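For reference, the chains in residue letters:
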Amino acid sequence: MTIEPISKQIEVPVSPQQAFEIFTGQIGSWWPHDTHSIGLDHTDTVILEPNVGGRLYEIVDDGTEHDWGSVLVWEPPHRVTLSWHVSRGPEVFTEVDVRFVAVDGGTEVRLKHSHWERLGAESVELRAQYDDGWNPVLDLYLSAAAE
């Protein structure tokens, strides 16, 4: 069974280099960790390590770290691909691929979240939740890029 990936596109008013840096290097400043994290309002920050094999994780107020995934592809300023296993072990993951394409006036950011079928019985329900869930995340990213 193959489940259609989630595809989202937004345009941000900055160069691909800036768009990539804001998405990756500044993720802790704009990610809505009070609603989109394991620790929720106890989450202090989100960190993405800038290299293949680097971790994507959150740190909660008691110092505990929760892994969300790892970097599969690191091609600044054009592409980052992440394994995504929030709230499950790293052996069962979806993939989030984000591409940064120069356009007049800025950068088109293309997010593709795929491989839902790896999640088994929960796959269709989780895909639907993430399809809605990516919208406020990307809205906050756009706001950060516009500042």
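Residues numbered from 1 in each chain as written. Predicted model: local features only at pLDDT ≥ 70, side-chain atom pairs only at ≥ 80, totals over all residues. Heavy atoms only, no water.

Q: Teacher, can you tell me more about the pattern of salt bridges here?
A: On inspection of all chains with the given rule, the structure shows 9 salt bridges. Put simply, Lys8 and Asp131 hold a salt bridge, and the shortest N to O gap is 3.0 Å. Highlighted residues: Lys8 in strand 1 (residues 6-12) and Asp131 in helix 3 (residues 123-146), separated in sequence by 123 residues. For Lys8, a relative accessible area of 14% corresponds to the buried category. The exposure class of Asp131 is partly exposed, given its relative accessible area of 25%. Between Asp97 and Arg99 there is a salt bridge whose closest N-O contact spans 2.7 Å. Members of the salt-bridge network, linked through shared partners, are Lys8, Arg127 and Asp131. (Salt bridge = Lys/Arg side-chain N within 4 Å of Asp/Glu carboxyl O. Helix = DSSP H or I, 4+ residues; strand = E, 2+ residues; numbered from the N terminus. Buried < 20%, exposed > 50% of the residue type's maximum accessible area, 1.4 Å probe, protein only.)

Q: Can you walk me through the packing of aromatic side chains in this structure?
A: Note on aromatic pairs: each is described by the distance of the centres and the angle between the planes. All told, the structure shown has 14 aromatic pairs when counted by the stated rule. When the ring of Phe23 is compared with that of Trp30, the centres are 5.5 Å apart and the planes differ by 50°; the resulting orientation is tilted. Ring geometry for Trp31 versus Trp84: centroids 6.1 Å apart, planes at 45°, classification tilted. Within this pair, whereas Trp31 is found in the loop between helix 2 (27-30) and strand 2 (43-48), its partner Trp84 is found in strand 5 (residues 79-84), the two being separated by 53 residues in sequence. Exposure class is identical for Trp31 and Trp84. Each is buried. If you follow Arg55 out to its NZ or CZ, it ends over the ring of Tyr57, 3.8 Å from the centre. Its guanidinium or amino end placed over the ring of Phe93, Arg118 lies 4.7 Å from that ring's centre, counting from NZ or CZ. (Phe/Tyr/Trp six-rings, centres within 6.5 Å; stacked < 30°, edge-to-face > 60°. Lys NZ or Arg CZ within 6 Å of the ring centre and 35° of its normal.)

Q: What should I look at first to understand the environment of Ile3 in this one?
A: When you line up the elements, Ile3 lands in the segment before strand 1. What makes Ile3 buried here is its relative accessible area of 11%. For Ile3 and Leu138, which are 135 residues apart along the polypeptide, the C-alpha to C-alpha distance reads 22 Å.

Q: Just checking my understanding: could you explain the pairing of strand 6 (residues 94-103) for this structure?
A: Side chains on a regular strand alternate between the two faces of the sheet. Summarising the sheet, strand 5 and strand 6 pair through 6 bridges and their orientation is antiparallel. When the sheet's bridge partners are listed, Val80 is paired in strand 6 with Val98. By the bridge criterion, 9 bridges tie strand 6 to strand 7 (residues 106-114) in an arrangement that is antiparallel. Note that in strand 7 the partner of Val103 across the bridge is Gly106. Adjacent in sequence and paired antiparallel, strand 6 and strand 7 are bridged by 2 residues, among which Gly105 carries a positive phi angle near 85°. (Pairing = 2+ DSSP bridges.)

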